[in-house]
Each structure stands twice: as C-alpha cells, then as structure tokens.
Amino acid sequence: HRRESSFRLDGFDSSYTAMATTVGLPLAHAAELILQGEIRLTGVQIPTSMEIYKKVLPKLETDGIVFLEENY
C-alpha cells in the first residue's frame, strides 16, 4: 500500500509567496487552536502529530490549500 500526497500553490507576488502562505497559515491556525484549547500539546511539536494535522488541514482547505491524495 502506498499513498502519494501533493499540491501546487502559486504565490501572488514577491512578498506574498507560496512559501510564506504555506508556512504562515498553518502556524496561524495552530496558534488559534492552541488559544482555543483545541490543541493541548506542550513543548516543541512537529506538524505530523495527529492532534495538530487533523485540526489544521481542514482549516487550510478553507484557505484554498488542498492536498490531492492517490493510493497505489
């Protein structure tokens, strides 16, 4: 079983780059979820923790960041 996940995002200009968007938006959503008490992890975390990505990915979809997944 193999799963491939990919996406493409174009930046708007040299200030609002795709990199700035894909770093800034997940961080903003995670910070909001922490303040709301929906993410309770402490210390330095990586976004592969299920408690983080299960809540942040749906919020990113509303921002137009959608991952296409294919199973092989």
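Calculation notes
- Residues numbered from 1 in each chain as written.
- Predicted model: local features only at pLDDT ≥ 70, side-chain atom pairs only at ≥ 80, totals over all residues.
- Heavy atoms only, no water.
- Helix = DSSP H or I, 4+ residues; strand = E, 2+ residues; numbered from the N terminus.
- Contact = heavy atoms within 4.5 Å.
- Polar contact = N/O pair within 3.5 Å; in protein donor to acceptor, adjacent residues only side chain to side chain.
- Axes fitted to C-alpha atoms, helices over the stretch in contact; angles between N-to-C directions.
- Parallel < 35°, antiparallel > 145°, perpendicular 65-115°, else oblique.
- Left-handed = near helix turned anticlockwise from the far one by under 90°.
- Nonpolar A, V, L, I, M, F, W, Y, C, P; charged D, E, K, R; others polar.

(A) Spatial organisation of the environment of Asn71. On the secondary structure map, Asn71 appears in strand E2 (residues 68-71). Each C-alpha atom, one on Asn71 and one on Pro26, is 25 Å from the other, the two residues being 45 residues apart in sequence. Ignoring anything within four residues of it in the chain, the contact list for Asn71 reads His1, Arg2 and Arg3. A distance of 3.1 Å separates a polar atom in the side chain of Asn71 from a polar atom in the side chain of Arg3.

(B) Here's a closer look at the packing of helix H1 (residues 18-35) against helix H2 (residues 50-62). Relative orientation of the contacting elements H1 and H2 amounts to 125 degrees, with a least axis distance of 9 Å. Comparing the axis directions of H1 and H2 gives the class oblique. You can see that H1 and H2 cross each other, and the crossing is right-handed. Contact residues: Leu25, Pro26, His29, Ala30, Glu32 and Leu33 in H1; Lys55, Val56, Lys59 and Leu60 in H2. Of the residues that constitute the contact of H1 with H2, the class distribution is 6 nonpolar, 1 polar and 3 charged.

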